[in-house]
Amino acid sequence: MSTGHRHDHAGDGHADHDHDHKAAPMVEEITDYEVLEIAVRELAIEHGLFTAEDHRRFTEWAESIGPANGSRLVAKCWTDPAFKARVMKDAVKACKEIGLDWLEPTGSGTPSDYTNFIVLEDTPTLHHVIVCTLCSCYPRPILGMSPEWYRTTNYRRRLVRWPREVLAEFGLLLPPEVEVRVEDSNQKCRFMVLPVRPDGTKNWTEEQLAAIVTRDCMIGVALPSPGRTADVHPIHKARRPVQASVQHGSAAE
Amino acid sequence: MKANETTKKAAAGRFKVGDRVKVKDMPNMFYTRTQNYVRGAVGTIAACTYQDLIPEDEAFNFDGKLEQYYIVRFRQKDLWEEYPFDNDTLQTETPEHWLEPVGK
């Protein structure tokens, strides 16, 4: 269904529709799960479990978390071996040292995030990459919301079966002597990758180091390197773009 | 309360790091989080993670017994016969009742 042109065919019978603009809905489809979420949320508000204001603030807070804490954790591991040892022993506890409490804000973590956290340390001969084949489990308290591609069935089903091919599509080609270890976070542990500190970063400060530890490096689909400070995925233009004359199928509507 | 923090305690886990285990090939009854692609495969215990309710109970809000969870490491070649790289591995987590010991 083409969006924005529904009023042409919506059955109001007016050929001269320019004078009869009705407000078009912002969202034309809603999934069962969204309906369920709204129903449960409204019930919870009605029963006083939390207020609409609490819900709005929490949602805004949850959506504002980015991967910055993860970058800082990695940079600190690279510069402070004792801290790294504490991360390997108990990552949830060590996160408090960088000001991140996995139990915030509810005292039991965010409602949908478990608080078992394991940091996977790469070596020159071992490379980790994370996935959740069941859904989209992701260490959100430290990396924020997962990227859209991480939640696609394409990534999830192919990474476990053809990890090197999928990594190559991200531009990451690893030699056969490097062991690729896929971590399927299908239960209650959450994972992130501690990459190897790249060459050319001697005497860098923690801030400089954190700037090259991007989200993709902590998922394991990219490696940090000096000068690489953003996850840029190329946008390929369509080779045979849709022609303007067939863009809005009218007959089908 | 933390999801895995509870007043109940399960019996000590029957496996330890390094043990060889086989994932049982049980039918899917209603709900599980143990993936089909590891059923019947032999791997090695990489970590004993926590004790918690099992997904098969939790999915129906049944406050059943707690079980030890494990991260199990598999050789990719043991999961996908024609996998071309000998070194590559995959780890996934599963509660104890899905695992059985493999004789040395």
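Given the structure is predicted, the values throughout are model-derived calculations rather than measurements.

Scoring rules and cut-offs
Residues numbered from 1 in each chain as written. Chains lettered and ligands numbered in written order. Predicted model: local features only at pLDDT ≥ 70, side-chain atom pairs only at ≥ 80, totals over all residues. Heavy atoms only, no water. Helix = DSSP H or I, 4+ residues; strand = E, 2+ residues; numbered from the N terminus. Buried < 20%, exposed > 50% of the residue type's maximum accessible area, 1.4 Å probe, protein only. Contact = heavy atoms within 4.5 Å. Areas by Shrake-Rupley, 256 points an atom, 1.4 Å probe, with all protein chains shown as cover. Pairing = 2+ DSSP bridges. Buried area = accessible area lost by both parts, 1.4 Å probe. Salt bridge = Lys/Arg side-chain N within 4 Å of Asp/Glu carboxyl O. Patch = residues over 30% accessible without salt bridge, like charges linked within 9 Å, V, L, I, M, F, W, Y side chains within 5 Å. Expected span 1.5 Å × (residues − 1). Polar contact = N/O pair within 3.5 Å; in protein donor to acceptor, adjacent residues only side chain to side chain.

Considerations on the overall build of chain B
Right, so step 1: Scanning chain B for helices and strands turns up 2 helices and 5 strands.
Right, so step 2: Seen in sequence order, chain B has helices and strands lined up from the N terminus as β-β-α-β-α-β-β.
Right, so step 3: In chain B, buried positions account for 46% of the 104 residues.
Right, so step 4: Put simply, of all contacts in chain B between residues at least 6 apart along the chain, 60% involve residues at least 24 apart.
Right, so step 5: Accessible surface, chain B: about 5,800 Å² in total, of which carbon and sulfur atoms supply 52%.

Focus: the pairing of strand β4 (residues 189-194) of chain A
Residue and element names in this part refer to chain A.
Right, so step 1: Most of β4 sits out of view: 6 of its 6 residues are buried.
Right, so step 2: By the alternation rule, side chains of β4 split into Cys189, Phe191 and Val193 and Arg190, Met192 and Leu194, which are all buried.
Right, so step 3: Here strand β1 (residues 116-121) pairs with β4 via 6 bridges, running parallel. Bridge pairing in β4 links Leu120 to Val193.

Details of the interface of chain B and chain A
Right, so step 1: The partner chain A presents 28 residues to the 31 residues of chain B that form the contact.
Right, so step 2: In total, about 2,500 Å² of surface goes out of reach between chain B and chain A, with carbon and sulfur atoms giving 46% of it.
Right, so step 3: Where chain B meets chain A, there are 4 salt bridges.
Right, so step 4: Note that A:Arg164 is salt-bridged to B:Asp88, the shortest N-O span being 2.7 Å.

Details of a nonpolar patch on the surface
Right, so step 1: Residues B:Met29, B:Phe30, B:Tyr31, B:Phe60 and B:Phe62 make up a contiguous nonpolar surface patch of roughly 630 Å² in combined accessible area.
Right, so step 2: Position of B:Phe62 relative to the elements: it lies in the loop between α1 (55-58) and β3 (66-75).

Observations concerning helix α2 (residues 32-46) of chain A
Right, so step 1: Its 15 residues place the ends of α2(A) 21 Å apart at the C-alpha level, agreeing with the 21 Å of an ideal helix rising 1.5 Å per residue.
Right, so step 2: A:Gly48, located one to two residues past α2(A), shows a positive phi value of around 80°.

Regarding the side chain of B:Asp19
All names here are of chain B.
Right, so step 1: By secondary structure assignment, the location of Asp19 is in the segment before β1 (20-23).
Right, so step 2: A distance of 2.9 Å separates the side chain of Asp19 from the backbone nitrogen of Lys16, its partner in a polar contact.
Right, so step 3: Excluding residues that lie within four positions of it along the chain, Asp19 makes contacts with Arg14, Gly43, Thr44 and Ile45.

Interpretation in functional terms is not warranted from these geometric data alone.
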